[in-house]
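Fold and geometry: a report
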Amino acid sequence: MVLSIFEIYSNIRSRILWHWENIELCFKSLFFNTHLDQNYFSDVLMEPIFSVVDNFTKFLGPFFVLCVILIMTTVIAIAYFIGLPYWWNKNPNAAVILVIVGNWLKWNTLFHYYKGVVTPPGYPPKGTVIQEAVSICKKCISPKPPRTHHCSVCNRCILKMDHHCPWLNNCVGHYNHRYFFMYMVFISMSTLFIMVFGYEIAYTEVWLKEIISEEVYGHPIRFDNSNIIPVPEWDNTTCTELPVEPPPAFLWRKRAIFFMAFICSGAFIALTWLSIWHAKHILRGETSIEGHINKAESKRLAALNQKYINPYNYGPDENFKIFFGIEDGSYRSWLHIFFPSSHRPFGDGLTWQNANHINKTIEEKKYP
């Protein structure tokens, strides 16, 4: 029996609708699972771009570390070969003090950078039951303890993750956050120290000698090419002008001082700003990631006429003590901050007490 045109149209239409319903069902099924929401779907679409950026960052990590080491080595060498002789010739007593302070800054800077590079940030244990887990990581499909986040560059979860630092080629987390912060603080202090006591050197070595060099080295010298006894008056037709170049030592010192000024001023501005920014987060008892989360939650609850309270904010004084791993009445004192120390932070990074519980305990100790 020959099908009518209407029946053919109905069959085609029903098949198209059937396929469309299947496609729609598959698309909606992506959001039926609690672990697969719209954010996860968008992450999947952007995953190729993220993968290229993360792999590029991971690949360049060792080169960033090498650049930092070379720059710090060059700055230290210039300070010893130009700065130290200058101050020793000017005032030996002041030079001794500058050497003591400078070495204190130098060894603290090198120590905290080295520890920040080689110290693992802390990872959730594998193969064991993590009772402290509060969620499941969508990337590595494993339990996540509180304050733990997944690093796409390291491709694993990090305890109390702050961020991934390419200059350390390492994540900044629970066990090396203090080293990272103290490195920035001591670098800022070191560059300020160099700029303050290097200003006079730059003024005398570059500015004043630049004026002298223009008058002395740049003055043309005339030679008589006629092989005759010099005449009393100059004859431009028989004489040539040969400018005298400054000595290589002067040019080398000038370039070295310009290099120091450029590096130190840039590092001081950038790392001082970063140190202050991180210090604000530490005062509030949060990491950089938690700062964004807490800000978003505060706005969300403010729209509902509610106030968001950070559960890990124990107060500025306690936050700093916890971050630096020091405690009153113990061997961990403030000297462990001003001098290199390898002491570990409090806790294992898996469990975190609620701020309300700690504040209540402190009040009970004050008023038993």
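Residues numbered from 1 in each chain as written. Predicted model: local features only at pLDDT ≥ 70, side-chain atom pairs only at ≥ 80, totals over all residues. Heavy atoms only, no water.

**Section: the overall build of the chain**
Tallying secondary structure elements over the chain gives nine helices and eight strands in all. The proportion of buried residues among the 368 residues of the chain is 32%. Summarising the internal contacts of the chain: among those between residues at least 6 apart in sequence, 65% fall at separations of at least 24. (Helix = DSSP H or I, 4+ residues; strand = E, 2+ residues; numbered from the N terminus. Buried < 20%, exposed > 50% of the residue type's maximum accessible area, 1.4 Å probe, protein only. Contact = heavy atoms within 4.5 Å.)

**A closer look at a nonpolar patch on the surface**
A cluster of nonpolar side chains, namely Y80, F81, L84, V99 and W252, defines an oily patch on the protein surface of about 490 Å² accessible area. Take the nonpolar patch: its biggest share by element is three residues, from helix 2 (residues 38–90). (Patch = residues over 30% accessible without salt bridge, like charges linked within 9 Å, V, L, I, M, F, W, Y side chains within 5 Å. Areas by Shrake-Rupley, 256 points an atom, 1.4 Å probe, with all protein chains shown as cover. Salt bridge = Lys/Arg side-chain N within 4 Å of Asp/Glu carboxyl O.)

**Re helix 3 (residues 92–118)**
For an α-helix, the turn length of 3.6 residues means that residues three or four places apart are oriented alike. Counted at 1.5 Å a residue, the expected span for helix 3 with its 27 residues is 39 Å, and the 38 Å between its end C-alpha atoms agrees. By the N-cap criterion, in which a side-chain oxygen at the helix start approaches the backbone nitrogen of a residue two or three places on, helix 3 is capped by N91, the distance to N93 being 3.2 Å. (Expected span 1.5 Å × (residues − 1). Polar contact = N/O pair within 3.5 Å; in protein donor to acceptor, adjacent residues only side chain to side chain.)

**Looking at the UniProt feature "transmembrane region" (unreviewed entry) in the chain**
The sites that carry the UniProt feature "transmembrane region" (unreviewed entry) are, in the present numbering, residues 63–88, 180–199 and 256–276. Helix makes up 100% of residues 63–88 and strand 0%, whereas the separation of the span's terminal C-alpha atoms amounts to 36 Å. Helix makes up 100% of residues 180–199 and strand 0%, and the two end C-alpha atoms of the span are 28 Å apart. (UniProt positions renumbered as here; feature names shortened; annotations may be inferred.)

**A look at the packing of aromatic side chains**
All chains considered together, the criterion is met by twelve aromatic pairs. Their ring planes at 75° and their centres at 6.0 Å tell us that W87 and F197 sit as a pair that is edge-to-face. In this pair, W87 is assigned in helix 2 and F197 in helix 4 (residues 177–216), connecting sequence segments 110 residues apart. Residue classification places W87 among the buried positions, given a relative accessible area of 12%. F197 sits in the partly exposed class, given a relative accessible area of 32%. Measuring from ring centre to ring centre gives 5.5 Å for F320 and F324, while their planes differ by 25°; the resulting arrangement is stacked. Separated by four residues within a single helix, F320 and F324 lie in helix 7 (residues 316–324), roughly one turn from each other. Exposure remark for F324: the relative accessible area of 5% places this residue in the buried category. (Phe/Tyr/Trp six-rings, centres within 6.5 Å; stacked < 30°, edge-to-face > 60°.)

**Regarding the side chain of S341**
Looking at where S341 falls in the secondary structure, it is placed in the loop between helix 8 (335–338) and helix 9 (355–366). Classification of S341 by relative accessible area gives buried; the value is 9%. A polar side-chain atom of S341 sits 2.6 Å from a polar atom in the side chain of H343. Excluding residues that lie within four positions of it along the chain, S341 makes contacts with F111, R178, Y179 and H336.

**Section: the side chain of H343**
Following the sequence through the fold, H343 ends up in the loop between helix 8 and helix 9. Judged by relative accessible area, which is 8%, H343 ranks as buried. A distance of 2.7 Å separates a polar side-chain atom of H343 from the backbone oxygen of F324. Once you skip the residues sitting within four places of it in the chain, H343 turns out to touch R178, Y179, F324, G325, R332 and H336.

**Describing helix 6 (residues 288–302)**
The end-to-end C-alpha separation of helix 6 is 21 Å, in line with the 21 Å expected for 15 residues at 1.5 Å each. Looking at helix 6, one finds that the buried residues are S288, E290, G291, N294 and L301. For helix 6, the buried positions fall inside an angular range of 140° around the axis, keeping them on one side. The exposed residues of helix 6 that point more than 90 degrees off its buried face are H292 and K299. (Arc of directions from axis to C-beta.)

**Regarding the nonpolar core**
Core analysis: the biggest nonpolar cluster contains 37 residues, and Y113, F181 and F324 have the highest contact counts within it. Of all the elements in the fold, those that place two or more residues in this core are helix 2, helix 3, helix 4, helix 5 (248–283) and helix 7. If one sorts the elements of this core by residue count, helix 4 sits on top with nine residues. When neighbours within four sequence positions are excluded, F181 is seen to be in contact with S275, H278, A279, I282, F323 and F324. Core analysis: the second largest hydrophobic core is formed by five residues, C151, V153, M161 and C171 among them. (Core = buried A, V, L, I, M, F, W, Y, C linked by side-chain atoms within 4.5 Å.)

**Some points on the pattern of salt bridges**
For the coordinates displayed, the defined rule picks out five salt bridges. With its nearest N and O atoms 2.7 Å apart, the salt bridge here joins E290 to R147. Of this pair, E290 sits in helix 6 while R147 sits in the loop between strand 2 (143–144) and strand 3 (149–151); the two residues are 143 residues apart in sequence, bridging distant segments of the chain. Note on R147: relative accessible area 10%, which makes it buried. A salt bridge links R284 to E286; the nearest nitrogen and oxygen atoms lie 2.9 Å apart. With relative accessibility at 40%, the residue R284 sits in the partly exposed group.

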